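Here is how the chains run, residue by residue.
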Amino acid sequence: AGSFGTMVNCRMVAHPDLQETSDSPCDTGHPPTLLESEFPEFDFSCVKDGWWDKSRPGNEQRLERVYRFSEWLASRPEKRIICIAHADVFRGLVHGLSLGNCQVAEAELRT
């Protein structure tokens, strides 16, 4: 990941609202301090302790996360942003979008 960020000269930001929607053990997170030590090339300033909380019904939390991320995205000054996330996240962000594993799509944010 670090070489990609250096290669294209971009800032890489971890955003908690792009997390997997499942509450399976493999889809839950780790404390930001651990993530920062494993992935020092990423900016984890948006990630707070307990960010992986999935204690409420998944769809309700997914909709809240999509809304928060959309607001965050709209506030960004960049003209182009690459988002890497899970299919359910993109399905929520772009109504009707269905992506396969590792598939790429382009979308325009309209505010």
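Here the structure is shown first, and the text comes after it.
Residues numbered from 1 in each chain as written. Predicted model: local features only at pLDDT ≥ 70, side-chain atom pairs only at ≥ 80, totals over all residues. Heavy atoms only, no water.

Draft legend 1. Representation of the side chain of His15 within the structure. Tracing the sequence through the fold places His15 in the loop between β1 (12-13) and α2 (32-38). In contact with His15, other than residues within four places in its own chain, are Cys46, Phe69 and Trp72. (Helix = DSSP H or I, 4+ residues; strand = E, 2+ residues; numbered from the N terminus. Contact = heavy atoms within 4.5 Å.)

Draft legend 2. The arrangement of the environment of Ser70 in detail. By the element assignment, Ser70 lies in helix α3 (residues 58-75). Owing to a relative accessible area of 24%, Ser70 belongs among the partly exposed residues under this scheme. As a C-alpha pair, Ser70 and Asp17 span 53 residues in sequence and 9.5 Å in three-dimensional space. (Buried < 20%, exposed > 50% of the residue type's maximum accessible area, 1.4 Å probe, protein only.)

Draft legend 3. Highlighting empty space enclosed by the protein. The final tally for this structure, using the stated rule, is one cavity of 30 Å³ or more. Here the largest cavity defines a volume of roughly 30 Å³. In terms of lining, the largest cavity is formed by Asp17, Gln19, Thr21, Arg62, Arg65, Val66 and Val89. Taken together, the residues that form the lining of the largest cavity break down as two nonpolar, two polar and three charged. (1 Å grid on protein atoms, 1.4 Å probe; cavity = no way out; pocket = protein on both sides within 12 Å on 5 of 7 lines; lining within 4 Å. Points joined across faces, edges and corners; volume = space filled by probe spheres on them. Nonpolar A, V, L, I, M, F, W, Y, C, P; charged D, E, K, R; others polar.)

Draft legend 4. Region of the structure containing the pattern of salt bridges. Taken as a whole and assessed by the stated rule, the structure comprises four salt bridges. One salt bridge connects Asp43 with Arg11, and the closest N-O pair in it is separated by 2.4 Å. Separated by 32 residues along the polypeptide, Asp43 in strand β2 (residues 42-43) and Arg11 in the loop between α1 (2-7) and β1 bring together distant segments of the chain. The exposure class assigned to Arg11 is exposed, which follows from its relative accessible area of 52%. Two residues, Asp88 and Arg91, come together in a salt bridge whose shortest N-O distance is 2.2 Å. Of this pair, Asp88 and Arg91 both sit in helix α4 (residues 87-93), three residues apart, which is roughly one turn of that helix. (Salt bridge = Lys/Arg side-chain N within 4 Å of Asp/Glu carboxyl O.)

Draft legend 5. Looking closely at the packing of aromatic side chains. Summed over all chains, the structure comprises four aromatic pairs. Aromatic pair Phe39 and Phe42: ring centres 6.3 Å apart, planes at 90°, arrangement edge-to-face. Phe39 sits in the partly exposed class, given a relative accessible area of 35%. On the basis of relative accessible area, Phe42 is assigned to the partly exposed category, the value being 26%. Considering the side-chain rings of Trp51 and Trp52, the 5.9 Å spacing of their centres and the 85° angle between planes classify their relative orientation as edge-to-face. Assessed through its relative accessible area of 26%, Trp52 is described here as partly exposed. Chaining the aromatic ring pairs together yields one cluster made of Phe39, Phe42 and Phe44. (Phe/Tyr/Trp six-rings, centres within 6.5 Å; stacked < 30°, edge-to-face > 60°.)

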